[in-house]
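Residues per chain are reported as follows:
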Amino acid sequence: MRYLYGLGILCCLVLWSSCRNDFETVASTGNLEFSKDTVYLDTVFSNIGSSTYNLKVYNRSNEDINIPSVRLGQGEASNYRLNVDGIPGRVFENVQVLAKDSIFIFVETTLDINNLPTNANDFLYTDQILFDTGGNQQKVELVTLVKDAVFLYPAQLSDGTVETLNLGVDENGEDILIEGFFLDDTELTFTNEKPYVIYGYAAVPSNKTLTVEAGARVHFHNSSGILVAENGSMKVMGLPSNDPEAMENEVIFEGDRLEPSFADIPGQWGTIWFTSGSVGNEFNYATIKNSSVGLLLEDSPLTLKNVQIYNNANIGLLARTGAIDGENIVINNSGQSSLAIQLGGSYEFRHSTFANYWTSSFRSFPAVSLDNTLETENDIFVADLIKANFTNCIIYGNERREFSLNQNTGAAFNFNFTNSLVRFEDPTGEFDNEPLYDFTNNALYTATKFNLDPVFQDTELNNFNIESGTSGAENIGKDNIAPPKDLNGIDRGTPPDAGAYETTVFPED
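Engineer: Break down the nonpolar core for me, citing the residues and quoting the values.
Structural biologist: Counting 63 residues, the largest nonpolar core has Met234, Phe253, Phe283, Phe390 and Phe403 as its most contacted members. When residues in this core are grouped by element, the largest group, five residues, is from strand β27 (residues 315-334). Core analysis: the next-biggest nonpolar cluster, separate from the first, contains 29 residues, Leu32, Leu82, Val84 and Val97 among them.

Below you can see the structure in the form of structure tokens.
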């Protein structure tokens, strides 16, 4: 009996479902609603695919409807691609939307600016998604800005592999290879005429100089960067900008994803790498953002003036036996340290702000670390820290201790903080008997202040202006220390403020 009863219920369900036609629909009457009337696909480079964007189409009525056609205005010739409720294409017929329900339409594009009707470096490409025809037709606009660019990438070799650079051998005698290529003589000047997009590592050959002119924009694909070989050099010749938002004269290095959602994402590309023995390197008015390591310096000289380094997955400026002269530098938001000095070297920093307000994950490294060693899997190398002088600087962040000192007594370890503001809190006296952390020692800590809030304007937006009247860095600097102007181009006061910026009055909220 139970079996017969269950069979009867099953038969009833089958008969009921067969009598109901879920696909009985009424024609669309032009009353669809959309999540947006225009889909803006953010700026893309020529021949690089966009992100995927979505549009939601609503049927607010009480009846299932049938849309006779959903298509791109340019049909199959359009450079946009659609996916309508899981089906890819450019033209669709009889699209059904259930009552009080909705469907998704996904949109993406890949454009070759050379195939578009313009000779400009930028082109606004548009189309429409058309729903139905005639008097019931509705539409949603599609808009994409396409940028032309100079693309630099490794060659594809005859055996199907990609051109590589040989970095030497590892501890097992194996070649260390990375995807990359040497720039030829025609590629050694980056202008501001078009952006540059680099795939792999673009290497500056020995005895050659890469010159990056004011206003240039350099973009890197994932795991890409610039490498400067022994006796090669790199000169970044940015200038002050009139518009602080456009930064029209500065040089900017960043990833090749132009969507706003990628504007501040760390780790989108590799690094700018000065290998051992590179010479004459200098950066002026440059911003480096969203890398794994902003600048990597190995046994080479580097001059930094008016340089900002932000959003580094690992380290902002990593120097190993380097020789750096820097002023008006700002580094922030690093997964490890903003400045890491390893294996000694010689360093002079003036009026610079080394901050770290990283919040993307747990951080166990301070904003600034000084070390005269380098530890590998099998060895510990030691070299003299000839000097590491910080004058009129700020070292601060969202951790209680924002600098560390790691000395191997087998080599020199010389450092000094002069008229600077440093965060180092030790409420339990853990470092009371550590002579390197004796903050009363004027030979190491000359007129330096500790744990006074610098009152930065907005650390989340990498805005490290400091507030007049409240900043702990105000008027603590030493006079007559270059540069005479701050990173905003404002004259230094007497006495000057510590850090890259003079104090300013913040606008009211």
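Engineer: Explain unusual backbone geometry residue by residue, including any values.
Structural biologist: Note the cis peptide between Ala482 and Pro483, where omega equals 5°. Its place among the elements puts Pro483 in the segment after β41 (463-466). For the bond from Thr494 to Pro495, the omega torsion is -5°, close enough to zero to count as cis. With respect to the helices, strands and loops of the structure, Pro495 is situated in the segment after β41.

Engineer: How would you summarise the sheet that holds strand β2 (residues 33-34) if you had to cite specific residues and measurements?
Structural biologist: With antiparallel pairing, the five strands of this open sheet are ordered in space as β2-β4-β9-β6-β7. Each edge of the open sheet carries a strand with a single partner, namely β2 and β7 (87-89). Both β2 and strand β4 (residues 53-59) contribute to a ladder of two bridges, which runs antiparallel. Counterpart to Phe34 in the pairing with β4 is Val57.

Engineer: Summarise the environment of Ser291; cite the residues concerned and give the values.
Structural biologist: Structurally, Ser291 is set in the loop between β24 (281-289) and β25 (293-298). A residue is classified by how much of its surface remains accessible, and Ser291, at 0% relative accessible area, is buried. With 119 residues separating them along the chain, Ser291 and Asn172 place their C-alpha atoms 29 Å apart. Setting aside chain neighbours within four positions, we find Ser291 in contact with Pro266, Gly267, Trp269, Gly270, Asn311, Asn312 and Ala313.

Engineer: So what's going on with the pairing of strand β33 (residues 385-391)? Residues and values would help.
Structural biologist: In terms of residue burial, β33 counts as a mostly covered element, since five of its seven residues are buried. Relative to β33, strand β28 (residues 339-350) is paired through six bridges, and the arrangement is parallel. Counterpart to Tyr347 in the pairing with β33 is Ala388. Across three bridges, β33 lies against strand β36 (residues 416-418) in parallel orientation.

Engineer: Report on the packing of aromatic side chains, specifying residues and quantitative values.
Structural biologist: In total, this model carries 32 aromatic pairs according to the counting rule given. For the ring pair Phe424 and Phe431, a centre distance of 5.2 Å and an interplane angle of 80° mean the geometry is edge-to-face. With respect to burial, Phe424 and Phe431 carry one shared label: buried. It is Arg60 that lies over the ring of Tyr58; its NZ or CZ is 4.1 Å from the centre.

Engineer: Give a detailed account of a negative patch on the surface, specifying residues and quantitative values.
Structural biologist: On the surface, a cluster of negative charge is contributed by Asp170, Glu171, Glu174, Asp175, Glu377 and Asp379. Here Asp170 lies in the loop between β13 (164-169) and β14 (175-182). For Asp170, a relative accessible area of 32% puts it in the partly exposed group.

Engineer: Residues and numbers for the pairing of β14, please.
Structural biologist: Judged from the four bridges that link them, β13 and β14 form a sheet pairing that is antiparallel. Across the sheet, residue Val169 finds its bridge partner in β14, namely Asp175. Remark: five residues form the turn of the hairpin made by β13 and β14, two consecutive strands paired antiparallel; Gly173 in that turn has positive phi of roughly 80°. Pairing of β14 with strand β17 (residues 201-204) involves three bridges; the strand directions are parallel. The partner of Phe181 across the bridge, within β17, is Ala202.

Engineer: I'd love a proper account of the side chain of Arg423, names of residues and values included.
Structural biologist: The residue Arg423 is located in the loop between β37 (421-422) and β38 (445-446) in this model. Within the structure, Arg423 has its side chain in polar contact with the backbone oxygen of Gly397 (distance 2.8 Å). Not counting the four nearest positions on each side in its chain, Arg423 is found in contact with Ile395, Tyr396, Gly397, Asn398, Glu399, Arg400, Arg401, Glu402, Phe403 and Asn451.

Engineer: Please provide a residue-by-residue account of the side chain of Thr391, values included.
Structural biologist: Along the chain, Thr391 falls in strand β33. Here Thr391 falls in the buried class, since its relative accessible area comes to 11%. The residues touching Thr391, leaving out its near neighbours within four places in the chain, are Phe349, Arg350, His351, Thr418, Ser420 and Ile481.

Engineer: Lay out the pattern of salt bridges with the relevant residues and their values.
Structural biologist: Following the criterion strictly, the structure yields 18 salt bridges and no others. The salt bridge involving Glu33 is made with Arg60; its shortest N-O contact spans 3.0 Å. Here Glu33 is found in strand β2, whereas its partner Arg60 is found in the loop between β4 and β5 (65-72), with 27 residues between them in sequence. With relative accessibility at 37%, the residue Glu33 sits in the partly exposed group. For Glu259, the salt bridge identified is with Arg257, shortest N-O distance 2.8 Å. The exposure class of Arg257 is partly exposed, given its relative accessible area of 32%. Each of the salt bridges in this network shares a partner with another, and the network as a whole consists of Asp325, Glu327 and Arg350.

Engineer: Quick one: what's the story with the environment of Ser364, residue by residue and with numbers?
Structural biologist: Its place among the elements puts Ser364 in the loop between β29 (353-356) and β30 (368-371). Sequence spacing of Ser364 and Asp432 is 68 residues, and the spatial spacing of their C-alpha atoms is 21 Å.

Engineer: Tell me about the confidence of the model for the protein chain, residues and numbers included.
Structural biologist: When pLDDT is averaged along the protein chain, the result is 92; 94% of the residues meet or exceed 70. Between residues 1-23, whose pLDDT stays under 50, and residues either more than four places distant or in other chains, the model counts three contacts.

Rules of the game
Residues numbered from 1 in each chain as written. Predicted model: local features only at pLDDT ≥ 70, side-chain atom pairs only at ≥ 80, totals over all residues. Heavy atoms only, no water. Core = buried A, V, L, I, M, F, W, Y, C linked by side-chain atoms within 4.5 Å. Buried < 20%, exposed > 50% of the residue type's maximum accessible area, 1.4 Å probe, protein only. Helix = DSSP H or I, 4+ residues; strand = E, 2+ residues; numbered from the N terminus. Pairing = 2+ DSSP bridges. Contact = heavy atoms within 4.5 Å. Phe/Tyr/Trp six-rings, centres within 6.5 Å; stacked < 30°, edge-to-face > 60°. Lys NZ or Arg CZ within 6 Å of the ring centre and 35° of its normal. Patch = residues over 30% accessible without salt bridge, like charges linked within 9 Å, V, L, I, M, F, W, Y side chains within 5 Å. Areas by Shrake-Rupley, 256 points an atom, 1.4 Å probe, with all protein chains shown as cover. Salt bridge = Lys/Arg side-chain N within 4 Å of Asp/Glu carboxyl O. Lys, Arg positive; Asp, Glu negative; His and termini not counted. Charge placed at Lys NZ, Arg CZ, Asp CG, Glu CD. Polar contact = N/O pair within 3.5 Å; in protein donor to acceptor, adjacent residues only side chain to side chain. pLDDT = per-residue confidence, 0-100.

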